[in-house]
Amino acid sequence: MGRWGDDEKAALVALLRTRPSGMSWPEITAEVADAGSALKVWEAHLEPSLFAEPEDALHSARTDIMAWSAQDFDFLTFYDDRYPAQLREVHQMPPVLFTRGHLVPDDKAVSVVGSRRASDEALANATAIATGLAGAGLTVLSGLAEGIDAAAHVAALGSGARTVAIIGTGIEKSYPAANRELQAEISGRGLVISQFWPDASPSKQSFPMRNATMSAYGRATIVVEASEKSGTRIQARVAVAHGRPVILLDSVARGTEWGNALIGRPGVFTAHTPDEAVEHAHRLATRLGDISHLLDAVDDL
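Here the structure is a predicted model, which means the values were calculated and not measured.

(A) Region of interest: unusual backbone geometry. Of the consecutive residues Tyr175 and Pro176, the connecting peptide bond is found in the cis state with omega at -5°. A positive phi angle, near 55°, is found at Asp106, a position not held by glycine. Among the structural elements, Asp106 can be located in the loop between strand 2 (96-101) and strand 3 (109-114). Taking relative accessible area as the criterion, Asp106 reaches 35% and is therefore assigned partly exposed. The phi dihedral of Leu144 is positive, around 60°, even though this residue is not glycine. Along the chain, the position of Leu144 falls in the loop between strand 4 (139-142) and helix 6 (148-158). A residue is classified by how much of its surface remains accessible, and Leu144, at 0% relative accessible area, is buried.

As structure tokens, this is what we get:
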């Protein structure tokens, strides 16, 4: 990709905020990617009938970008070199990211997800899985929610390993509030990512969007525990659509209708124990990494 200046970034922010002709964020992102310039797309849609005060929108975006540059978080667009390349592989690619912590190119991350109101057994399994992933040299990825997410992050930190949290709020918010200190620790020792404006509160739509980003960022998703209507099923289904492997603990695979429906689908695996889940994840993450490097080599020819 490259590195955009503030004018290009401001044009992208203005497009995302004004949504000309009712365009969705993915539609805006696709048009900007095709044009190679947010400014060109902004100018193409710059009609009085679409925007009452177009220059005000652009000025406001520039002002905000200047303010963000003075904060302790980073602002990235999908066009920036530092933007995680694996996110560009999916239709739900976030057009912008706000991050605290350390971005690692080609991060070998595996999602560990599950119920917020997790059973003691599930919490123990999440801890064992995250510890095993850490021991295998993999990044533990989760969503900083209560229950399974928090247990996975804590276990990774306790193992001295890298952990990444992709959150469903703005980077300046903490949800739930009880995880504020955990979020700060992750940003200091790993990475926190948000695809929402910095001061955005949680919403019904933000968590499914967060789950899609987690699926795209990670090399595989491990579902530790989930109910029939758990939001975790969204990530499992999206991961299958993304072509990312999904590993279901047996209690999820056999104990839910949606889990059972995934059995036999390409890229879906079941595990009876935490160790088996880690073995699957390590094998799959390593294989996907080898394929990625081969594709990079082909692109360089």
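(B) Summary view of the sheet that holds strand 7 (residues 220-225). Taking strand neighbours across the sheet as the criterion, the nine strands line up as 1-2-6-5-4-3-7-8-9 in an open arrangement whose pairing is mixed. The sheet terminates laterally at strand 1 (74-77) and strand 9 (268-271), the two strands that pair on one side only. Across the sheet, the axes of successive neighbouring strands diverge by a mean angle of 25°, strand direction being ignored. Set on the sheet, helix 1 (residues 6-18) makes contact with strand 1 and strand 2; between it and strand 1 the angle comes to about 80°. In this fold helix 8 (residues 206-217) packs onto strand 3, strand 4, strand 5 (163-166), strand 6 (191-194) and strand 7, with an angle of close to 150° to the strand it touches most, strand 5.

(C) Region of the structure containing the packing of helix 6 against helix 7 (residues 180-189). Here helix 6 crosses helix 7 at 45°, and the two axes come no closer than 11 Å. Between helix 6 and helix 7, the crossing angle belongs to the class labelled oblique. For the element pair helix 6 and helix 7, the recorded crossing hand is left-handed. Residues Ala150, His153, Val154 and Leu157 of helix 6 form the contact with helix 7, whose own contacting residues are Leu182, Glu185, Ile186 and Arg189. In terms of residue class, the contact of helix 6 with helix 7 is built from five nonpolar, one polar and two charged.

Basis of the calculations
- Residues numbered from 1 in each chain as written.
- Predicted model: local features only at pLDDT ≥ 70, side-chain atom pairs only at ≥ 80, totals over all residues.
- Heavy atoms only, no water.
- Helix = DSSP H or I, 4+ residues; strand = E, 2+ residues; numbered from the N terminus.
- Buried < 20%, exposed > 50% of the residue type's maximum accessible area, 1.4 Å probe, protein only.
- Pairing = 2+ DSSP bridges.
- Axes fitted to C-alpha atoms, helices over the stretch in contact; angles between N-to-C directions.
- Contact = heavy atoms within 4.5 Å.
- Parallel < 35°, antiparallel > 145°, perpendicular 65-115°, else oblique.
- Left-handed = near helix turned anticlockwise from the far one by under 90°.
- Nonpolar A, V, L, I, M, F, W, Y, C, P; charged D, E, K, R; others polar.

Function-wise, these values are silent; they only describe arrangement.
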